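Structural overview
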Amino acid sequence: MSHDCILSEDMFQALNRPVAAGRQRASGLRFADQRVHALLHALILFRQLAQGFRAADLRQHLAALSGSDPAAISQGAVTYQLRRLRLHGLIERLPNSFRYRVTDFGFRIALFFTRTYNRLLRPGLAAALPALRAVSTPLQRAFNALSTQIDAIIKQAKLAAQNLTHSRQVTFLKHC
């Protein structure tokens, strides 16, 4: 009871699902999407700006993070990304301006998502999959041991099923 995983699961799913506020709609912020991670990295940078950030700032950072030219990102695409972030509660528009500020919620989500993906999932997956690494890692050995145990249990279950079928056949023949 020290934590409530149901609430955190609801929040995770809400971020990954589309959102609507009035007539405005925006797609979900899918956890493994590269564009979402570029947005979240930009939010971490923008959190440090006292005056907030503008759409042009987001365009520059998205281009740099994705390795493309800022001119290749249309104003409509930037506006759409701003709306996604705003409707999900990660940013808020500053009154009487065209600037935005990263919310506390947005900063925490950006840090958690980017750090989890970059420091846990990517290296963990590389360590767990034998085809990705020539040198055996402790995580890879643990997965191999688990796989071996699961295969042994499956083999035992098949043998038990075969023995059960065989004993029923023998019993049936004895009664005939």
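The notes below deal with the structure included here.

A few words on the overall build of the protein. Looking only at helices and strands, the protein features six helices and four strands. In sequence order, the secondary structure elements of the protein are arranged as α-β-β-α-α-α-β-β-α-α.

The next thing to look at is the packing of helix 2 (residues 34-46) against helix 5 (residues 104-128). The interhelical angle for the contact between helix 2 and helix 5, taken along N-to-C directions, is 125 degrees, at an axis separation of 9 Å. With respect to helix 5, the axis of helix 2 lies oblique. When the axes of helix 2 and helix 5 are compared, the crossing they make is left-handed. In this structure, helix 2 uses His 37, Leu 40, His 41, Leu 43 and Ile 44 to contact helix 5, whose residues at the interface are Gly 106, Phe 107, Ala 110, Leu 111, Phe 113, Thr 114, Arg 115, Tyr 117 and Asn 118.

Counted as a void, the largest pocket has a volume near 270 Å³. Forming the boundary of the largest pocket are 13 residues, of which Gln 34, Arg 35, Ala 38, Leu 62 and Ser 66 lie nearest the centre. Mapped by element, the contributors of at least two residues to the lining of the largest pocket are helix 2, helix 3 (55-66) and helix 4 (75-87). For the lining of the largest pocket, the leading source of residues is helix 2, giving six residues.

Attention now goes to the nonpolar core. Ranked by size, the top nonpolar core spans 27 residues in total, and within it Leu 40, Leu 43, Phe 53, Leu 58, Leu 82, Leu 90 and Ile 91 carry the most contacts. Elements that contribute at least two residues to this core include exactly helix 2, helix 3, helix 4, strand 4 (100-102) and helix 5. In terms of residues, this core owes the most to one element, helix 2, which gives eight residues. Every residue in contact with Leu 40, bar those within four places of it in the chain, is listed here: Leu 90, Ala 110, Phe 113 and Thr 114.

We now examine the environment of Pro 18. Position of Pro 18 relative to the elements: it lies in the loop between helix 1 (5-16) and strand 1 (19-21). Accessibility expressed as a relative area gives 66% for Pro 18, which makes it exposed. Taking the C-alpha atoms as reference points, Pro 18 and Arg 30, twelve residues apart in sequence, are found 9.5 Å from one another. Setting aside anything within four residues of it in sequence, one finds Pro 18 in contact with Ala 26, Ser 27 and Gly 28.

Conventions used here
Sequence order as written defines the numbering, with residues in each chain counted from 1. With the structure being a predicted model, the display of local features is reserved for residues of pLDDT at least 70 and the display and counting of side-chain atom pairs for 80 or more, all residues being used for whole-chain, interface and lining totals. To get the side-chain values, all heavy atoms of the structure are used, and hydrogens and water are removed first. Labels follow the DSSP assignment, with helices taken as runs of H or I lasting at least four residues and strands as runs of E lasting at least two, numbered in each case from the N terminus. Fitting a line to C-alpha atoms yields each axis, with helices limited to the stretch in contact; the angle taken between N-to-C directions then spans 0 to 180 degrees. Between 65 and 115 degrees an angle is taken as roughly perpendicular, under 35 as roughly parallel, over 145 as roughly antiparallel, and anywhere else as oblique. In this scheme the crossing of two helices becomes right-handed for a clockwise turn of the near helix relative to the far one and left-handed for an anticlockwise turn of less than a right angle. We call two residues contacting when some pair of their heavy atoms lies within 4.5 Å. The way it works is a 1 Å grid over only the protein atoms, where trapped points that fit a 1.4 Å probe form a cavity and open points with protein on both sides within 12 Å along at least five of seven lines form a pocket, and then any residue with an atom within 4 Å of a point lines it. Grid points are joined across faces, edges and corners, and a volume is the space filled by probe spheres set on the points. Residues belong to one nonpolar core when they are buried, are Ala, Val, Leu, Ile, Met, Phe, Trp, Tyr or Cys, and are joined through side-chain atoms within 4.5 Å. Type-normalised accessible area, obtained with a 1.4 Å probe on protein chains alone, sets the label of each residue: buried when under 20%, exposed when over 50%, and partly exposed for intermediate values.

By themselves, these are just geometric observations and shouldn't be taken as functional.
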